[in-house]
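Fold and geometry: a report
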Amino acid sequence: MANVQIGDFCSLNPLELFQQVTAQGEKVRSLKAEKAAKDEIDAAVQLLLSLKLSYKTATGEDYKAGSPPTEFAPISNGPGDAEGDDFVDPWTVQTSNAKGVDYDKLIDRFGSSKIDKDLINRIERITGHKPHHFLRRGIFFSHRDMNQILDTYENKKPFYLYTGRGPSSEAMHVGHLIPFIFTKWLQDVFNVPLVVQLTDDEKYLWKDLTIEKAYQYAIENIKDIIACGFDVNKTFIFSDLHYLGLSPGFYKNIVKVQKHVTFNQVKGIFGFTDSDCIGKISFPAIQAAPSFSSSFPHIFNNREDIQCLIPCAIDQDPYFRMTRDVAPRIGYPKPALLHSVFFPALQGAQTKMSASDPNSSIFLTDTPKQIKTKINKHAFSGGKDTIEEHRKYGGNCEVDVSYMYLSFFLEDDDKLEQIKQAYTSGALLTGELKKMLIETLQPLVATHQQRRKQITDEMVKEFMTPRKLAFDF
Ligand code: TRP
């Protein structure tokens with residue numbers, strides 16, 4: 001084999017190291033089988049041991065034959081992907097399947113774990129709360145290391161929540177509420193600190209926006225986030241453009257991450273090219289840093305060892321796969337994750353709801369009339385073309401956007417099941433199903449608008465002020 005010098009290993013990424021260990025293991029086995037000279041076997045074993053050590057240093061974990069490090073495996077996402085033609089990255093979600101992205105395949109590809117019945121039961125047992133309907137209905141469907149978080153909680157050790165939002169426009173849509181509604185529930189049942197990052201810097205880099213506009217959108221979005229009911233004594237909300245300039249702890253962690261990720265790696269993970277601006281290339285470090293408690297010394301009293309749990313839509317996973325790869329190398333715990341499905345566009349689950357297409361979204365600023373018109377006009381229907389056919393063959397809930405939205409927002413399980421049966425059998429017509437959705441969303445949006453009206457600039461400022469929260473560390 002080519003002579004690999006020990007000093008060369010640090011230039012290898014975890015996947016390359018894994019391959020080297022595997023190859024060297026095979027070499028040792030075949031030397032032994034051939035009854036090669038003892039010297040030769042000893043030398044090969046030495047090399048194997050140091051390769052394993054380098055692997056452990058790089059990943060924080062022991063080498064396990066047959067399980068390559070998942071965090072750094074590039075996502076085979078490009079067109080012509082043999083797995084099918086779903087495309088998922090932080091900026092694009094596209095599939096040709098009207099039922100939406102194949103989430104089981106995504107779990108395989110991303111190397112995460114399914115949120116199964118056992119995990120949901122464990123959450124219920126430990127917290128004493130009925131699992132949120134987002135868990136019961138598979139809306140949060142995938143995780144990394146959630147069992148570790150539950151162990152931590154059972155051992156009465158602290159953890160914290162981290163989530164975020166890219167403020168690309170002033171108006172948020174109903175899909176944007178999903179992670180925040182769920183995060184609020186997690187914060188209530190576990191009683192832990194929460195940090196919320198607004199990546200106004202990211203939106204400035206990626207979109208045609210001025211810095212001032214991006215920051216202004218962040219402030220407007222923060223009002224919608226606060227309106228979800230977060231407690232100011234337990235929650236810190238920050239804009240990158242503002243907080244980065246205030247916090248050496250945050251910036252130091254950004255630099256640590258930057259030192260441990262190469263251009264090659266971010267190209268592999270995010271698909272950056274040589275002509276992307278350097279702001280984009282280094283941005284992932286800024287989304288990674290809030291995963292480490294020392295980015296918030298005022299909250300965690302300078303502790304570096306508090307683990308973090310990140311609820312997010314699965315398109316954000318590439319950022320956190322990178323973060324989890326880096327964490328052990330800079331001496332921090334890996335963040336755990338809970339992943340949600342995407343919120344489908346009104347036109348169908350082939351893509352997610354996007355605030356830049358007004359017809360694809362129900363905005364939090366929409367009037368009852370706008371909600372009604374958009375749903376009636378644009379919500380993709382799984383119903384049949386004529387009433388006669390519909391009555392005879394029934395509708396298809398799997399592709400029907402109104403039904404999908406009800407599964408997000410109608411909390412009553414029995415009612416949802418009745419609707420499903422009635423629609424599938426043909427007893428319930430598309431117009432009637434749409435009416436149920438309209439009657440669910442109109443009060444939900446109106447209540448949100450009421451709550452948002454109460455949020456003053458003073459309150460926003462309070463949430464954004466770095467300070468100790470109601471937890472002692
Ligand atoms: N990049 C995310 C977006 O564009 C925002 C974000 C930052 C985020 N940190 C996060 C989302 C943590 C979920 C969890 O929306």
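Read on for a plain summary of the structure. (Residues numbered from 1 in each chain as written. Predicted model: local features only at pLDDT ≥ 70, side-chain atom pairs only at ≥ 80, totals over all residues. Heavy atoms only, no water.)

Attention now moves to the site of the ligand. What surrounds the ligand is a group of 14 residues, the closest being Y162, Q197, E202, Q287 and Q316. Interatomic distance of 3.0 Å between a side-chain N/O atom of E202 and a nitrogen atom of the ligand. One of the side-chain N or O atoms of Q287 is found 2.9 Å from a nitrogen atom in the ligand. Surface burial for the ligand is 90%, taken as the share of its 360 Å² of free accessible area covered by protein chains. Contributions of two or more residues to the shell around the ligand are made by β5 (159-165), α8 (200-206) and β8 (307-313). Ranked by the residues each element gives to the shell around the ligand, the list is headed by β5, at four residues. Its residues assigned to classes, the shell around the ligand shows four nonpolar, seven polar and three charged. (Near = heavy atom within 4 Å. Polar contact = N/O pair within 3.5 Å; in protein donor to acceptor, adjacent residues only side chain to side chain. Areas by Shrake-Rupley, 256 points an atom, 1.4 Å probe, with all protein chains shown as cover. Helix = DSSP H or I, 4+ residues; strand = E, 2+ residues; numbered from the N terminus. Nonpolar A, V, L, I, M, F, W, Y, C, P; charged D, E, K, R; others polar.)

This paragraph deals with unusual backbone geometry. Backbone geometry places K156, a non-glycine residue, at a positive phi of 60°. Mapped onto the elements of the fold, K156 is located in the loop between α6 (146-154) and β5. Unlike most non-glycine residues, N301 shows phi in positive territory, near 55°. Note on N301: relative accessible area 48%, which makes it partly exposed. (Buried < 20%, exposed > 50% of the residue type's maximum accessible area, 1.4 Å probe, protein only.)

All right, on to a nonpolar patch on the surface then. A contiguous nonpolar surface patch, about 230 Å² in accessible area, is contributed by Y204, I211 and L241. By the element assignment, Y204 lies in helix α8. (Patch = residues over 30% accessible without salt bridge, like charges linked within 9 Å, V, L, I, M, F, W, Y side chains within 5 Å. Salt bridge = Lys/Arg side-chain N within 4 Å of Asp/Glu carboxyl O.)

The next subject is the environment of K392. Along the polypeptide, K392 turns up in helix α17 (residues 387-393). Sequence spacing of K392 and A427 is 35 residues, and the spatial spacing of their C-alpha atoms is 9.0 Å.

On to the packing of aromatic side chains, then. All chains considered together, the criterion is met by 30 aromatic pairs. With centroids separated by 6.0 Å and ring planes inclined at 45°, the aromatic side chains of Y103 and F342 adopt a geometry described as tilted. Taken together, the residues span a long stretch of sequence, with Y103 in helix α3 (residues 103-110) and F342 in the loop between β9 (336-340) and β10 (344-345) at a distance of 239 residues. Relative accessible area serves as the criterion here: at 18%, Y103 is assigned to the buried category. A relative accessible area of 7% places F342 in the buried class. Taking the ring centre of F110 as reference, the NZ or CZ of R321 above it sits at 4.4 Å. (Phe/Tyr/Trp six-rings, centres within 6.5 Å; stacked < 30°, edge-to-face > 60°. Lys NZ or Arg CZ within 6 Å of the ring centre and 35° of its normal.)

Attention now goes to the environment of K256. Here K256 is to be found in helix α11 (residues 248-259). The exposure class assigned to K256 is partly exposed, which follows from its relative accessible area of 32%. Note: C-alpha distance between K256 and A327 (71 residues apart in sequence) is 9.6 Å.

So, about the nonpolar core. Soluble globular proteins tend to pack their nonpolar side chains together in the buried interior. Within the largest apolar cluster, 79 residues are counted, with the highest numbers of intra-cluster contacts made by F140 and M146. At eight residues, the largest contribution of residues to this core is made by helix α7 (residues 177-190). Beyond its immediate stretch of four places on either side in the chain, M146 contacts L119, I123, F190, L309 and L338. Judged by nonpolar contacts, the second largest core, of 38 residues, contains Y162, I269, F272 and L469. (Core = buried A, V, L, I, M, F, W, Y, C linked by side-chain atoms within 4.5 Å. Contact = heavy atoms within 4.5 Å.)

Moving on: the environment of S425. Within the fold, S425 resides in helix α19 (residues 413-425). Each C-alpha atom of the pair S425 and G395 lies 7.1 Å from the other, and the pair is 30 residues apart in sequence. Beyond its immediate chain neighbours, meaning those up to four positions away, S425 contacts R391 and G394.

So, on to the pattern of salt bridges. Scanning the model with the defined rule gives 22 salt bridges in all. One salt bridge in this structure joins R324 and D145, with 3.0 Å as the shortest N-O distance. In this pair, R324 is assigned in helix α15 (residues 317-326) and D145 in the loop between β4 (140-144) and α6, connecting sequence segments 179 residues apart. On the accessibility criterion, D145 (25% relative accessible area) is partly exposed.

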